[in-house]
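Structural characterization, general
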Amino acid sequence: MTSARRVLVTGANRGLGLELTRQFVAAGDQVWAACRTPESAHELQGLGAKSVLALDLASEASIHAAAAEVAANVDGLDVLVSCAGTDARAFGADDGERGPFDLGADVFTDVLRVNVTGPMVVTSAFLPLLRAAANAEGADGSARPAKLVNISSQLGSMEVAASIGRDTAYCVSKAGLNMYTVKSATELAGDNVAVVAVHPGWLRTDMGGEHADMSPEEASEAIVSTITGLTMADSGRFMRWDGTDHPW
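Below is a short write-up of the structure.

Criteria and cut-off values
Residues numbered from 1 in each chain as written. Predicted model: local features only at pLDDT ≥ 70, side-chain atom pairs only at ≥ 80, totals over all residues. Heavy atoms only, no water. Helix = DSSP H or I, 4+ residues; strand = E, 2+ residues; numbered from the N terminus. Buried < 20%, exposed > 50% of the residue type's maximum accessible area, 1.4 Å probe, protein only. Contact = heavy atoms within 4.5 Å. Areas by Shrake-Rupley, 256 points an atom, 1.4 Å probe, with all protein chains shown as cover. Axes fitted to C-alpha atoms, helices over the stretch in contact; angles between N-to-C directions. Parallel < 35°, antiparallel > 145°, perpendicular 65-115°, else oblique. Left-handed = near helix turned anticlockwise from the far one by under 90°. Nonpolar A, V, L, I, M, F, W, Y, C, P; charged D, E, K, R; others polar. Salt bridge = Lys/Arg side-chain N within 4 Å of Asp/Glu carboxyl O.

1. Some details on the overall build of the chain
Secondary structure assignment for the chain yields 7 helices and 7 strands. When the helices and strands of the chain are placed in sequence order, the string is β-α-β-α-β-α-β-α-β-α-α-β-α-β. With the C-alpha coordinates of the chain rotated into their principal frame, the extents come out at 55 × 40 × 30 Å. Looking at the 248 residues of the chain, the share that counts as buried comes to 50%. When contacts within the chain are restricted to residue pairs at least 6 apart in sequence, long-range pairs at least 24 apart make up 64% of them. Per element, the accessible surface of the chain, about 11,100 Å² overall, is 51% carbon and sulfur.

See below:
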């Protein structure tokens, strides 16, 4: 890496987002770490990010305010990782009642608002900064691609979710995020902005539970390595944390 990247991570206060922030900071990157309540994100505050921002995926005004704050301090973003997300339990659904016929309209819609609409608004709000970075010449005179990384899930795969995944709203939301990734990649193909969806693995987080396969630390190290290697040839892919293809 020839120079520090300018990176934004959403959902940075816990789990994978926290560990991604830690990895990017350790790599010497300038990191803007976004979460709903920065004042209570004590571990995040101690990581050495350039700034810890207030950003609530359920609030369009909050997202645009965060984008304006970043734009006032930097002229481009090299990497945007949309990591924040939730499931139906956050909106009051019982753990065992999240099937296709269990959820009310409000809970179902609330999950989609955070997991699909939120990243859509984040992308739109920060897109000028991604485009600016993508058009800037590097030390060798060439422009390296900006990178938009949507943290998805294997449960957004039609093939996988046919047999696993109790939370239907979550599965639908990640499938929606995958579609938004594909549409964004197509739209930005000529702008030198690479857009990918990443399944981070089954992680030992509040959402994934203690019996999951991997720690957030293991996943984040692999994801940062995968992000570093992304090129425009990867844009539009659905991939695993290690850069291999994930089935749609």
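Right, picking up where we left off after that structure.
2. Topic: the packing of helix α3 (residues 60-71) against helix α4 (residues 105-135)
Helix packing geometry: the angle between the two helix axes and the distance between the axes. Where α3 meets α4, the axes come as close as 9 Å, and the angle between the chain directions of the two elements is 25°. Classified by the angle their axes make, α3 and α4 are roughly parallel. Every pair of crossing elements has a handedness; the one defined by α3 and α4 is right-handed. Contact residues: Glu 60, Ile 63, His 64, Ala 66, Ala 67, Val 70 and Ala 71 in α3; Gly 118, Val 121, Val 122, Ala 125, Phe 126 and Leu 129 in α4. For the contact of α3 with α4, the class distribution of residues is 10 nonpolar, 2 polar and 1 charged.

3. A word on the pattern of salt bridges
For the structure on display, the rule yields 16 salt bridges. A salt bridge links Glu 19 to Arg 22; the nearest nitrogen and oxygen atoms lie 2.9 Å apart. Placement of both Glu 19 and Arg 22 in helix α1 (residues 15-26) is noted, with a separation of 3 residues, approximately one turn of the helix. Here Asp 95 and Arg 166 are joined by a salt bridge, their closest N and O atoms 3.2 Å apart. Of this pair, Asp 95 sits in the loop between β4 (79-82) and α4 while Arg 166 is found in the loop between α5 (158-161) and α6 (168-187), placing the two residues 71 residues apart along the sequence. On the basis of relative accessibility, which here comes to 53%, the residue Arg 166 falls in the exposed class.

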